[in-house]
Every structure is written in structure tokens, then in C-alpha cells.
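Overview (structure and organization)
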Amino acid sequence: MNERYNPFTGSLVEADLDAPVPAAAALGLEPPRYCEQCGRRMIVQVSPDGWWAKCSRHGVIDAKSLERR
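As a starting point, this report considers the structure included with it. (Residues numbered from 1 in each chain as written. Predicted model: local features only at pLDDT ≥ 70, side-chain atom pairs only at ≥ 80, totals over all residues. Heavy atoms only, no water.)

1. Considering the sheet that holds strand 4 (residues 50–55)
Strand order in the open sheet formed by 3 strands is 3-4-5, with antiparallel pairing between adjacent strands. Of all strands in the sheet, those bounded by a partner on one side alone are strand 3 (43–47) and strand 5 (59–62). For this sheet, the mean angle separating the axes of adjacent strands, direction not counted, is 15°. Bridging between strand 4 and strand 5 involves 4 bridges; their strand directions are antiparallel. For Cys55, the partnering residue across the bridge sits in strand 5 and is Gly59. (Pairing = 2+ DSSP bridges. Helix = DSSP H or I, 4+ residues; strand = E, 2+ residues; numbered from the N terminus. Axes fitted to C-alpha atoms, helices over the stretch in contact; angles between N-to-C directions.)

The structure is reproduced here in C-alpha cells:
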């Protein structure tokens, strides 16, 4: 079974419960701060035209790849 982590809090997400999402994140204004695959804190860079986040184990994601730009 693959574990999944909340990208905004880093806490483990239980399969039958919805993960809380901050209001700014729901509006697309806040980038994820934690890796969904391992729960590690990511390096995040925000710019006027989007953002990118890098997990040391799982690589880079960006606003464009998640359609949040």
C-alpha cells in the first residue's frame, strides 16, 4: 500500500478521510510545501508567473505541471 502525505501540512493522509486544504491553496495561491509521496519538506521557489518545488528524493514539480498557473 502506498502512503500519501498532505502537500500543505506534511501529515499522513488516511485513505477514507479528506485531507484539509488551506483556503489559499484551494484558490491556487499557495504552492505545496511537502512531498505527497514521502512527506519531506521541499525547496520551494515562487515567482510572479508561477512556482516550482523540489523534493530531494522525488524531483521537481511546478505550477504548470499541476495546471495551477
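Still more ground to cover, so stick around.
2. Some points on the environment of Asp49
Within the secondary structure, Asp49 sits in the loop between strand 3 and strand 4. Put simply, Asp49 and Leu17 are 32 residues apart on the chain and 33 Å apart in space, counted from C-alpha to C-alpha. Of the polar contacts made by the side chain of Asp49, one reaches the side chain of Ser47; its length is 2.7 Å. (Polar contact = N/O pair within 3.5 Å; in protein donor to acceptor, adjacent residues only side chain to side chain.)

3. A closer look at the nonpolar core
Core analysis: the biggest nonpolar cluster contains 6 residues, these being Cys35, Met42, Trp51, Ala53, Cys55 and Ala63. Those residues in contact with Cys55, other than ones at most four positions away along the chain, are Cys35, Cys38 and Met42. (Core = buried A, V, L, I, M, F, W, Y, C linked by side-chain atoms within 4.5 Å. Buried < 20%, exposed > 50% of the residue type's maximum accessible area, 1.4 Å probe, protein only. Contact = heavy atoms within 4.5 Å.)

4. Remarks on the packing of aromatic side chains
For the structure on display, the rule yields 0 aromatic pairs. For Arg41, the ring lying beneath its charged end belongs to Tyr34, and the centroid distance is 5.2 Å. (Phe/Tyr/Trp six-rings, centres within 6.5 Å; stacked < 30°, edge-to-face > 60°. Lys NZ or Arg CZ within 6 Å of the ring centre and 35° of its normal.)

5. Topic: the environment of Tyr5
Mapped onto the secondary structure, Tyr5 falls in strand 1 (residues 4–5). Residues Tyr5 and Cys38 lie 33 residues apart in sequence; the distance between their C-alpha atoms is 6.7 Å. In this view, Tyr5 contacts Gly10, Ser11, Leu12, Val13, Cys35, Glu36, Gln37, Cys38 and Gly39; residues no more than four positions away in its chain are not counted. A polar atom in the side chain of Tyr5 sits 2.9 Å from the side chain of Glu3.

6. Description of the pattern of salt bridges
Enumeration according to the criterion identifies 2 salt bridges in this entry. Among the ionic pairs, Glu36 bridges to Arg4, the shortest N-O distance being 3.7 Å. You can see Glu36 sitting in the loop between helix 1 (23–26) and strand 3 and its partner Arg4 sitting in strand 1, a full 32 residues away along the chain. Linking Arg33 and Glu30 is a salt bridge whose minimum nitrogen-to-oxygen distance equals 3.0 Å. A relative accessible area of 25% means that Arg33 is categorised as partly exposed. (Salt bridge = Lys/Arg side-chain N within 4 Å of Asp/Glu carboxyl O.)

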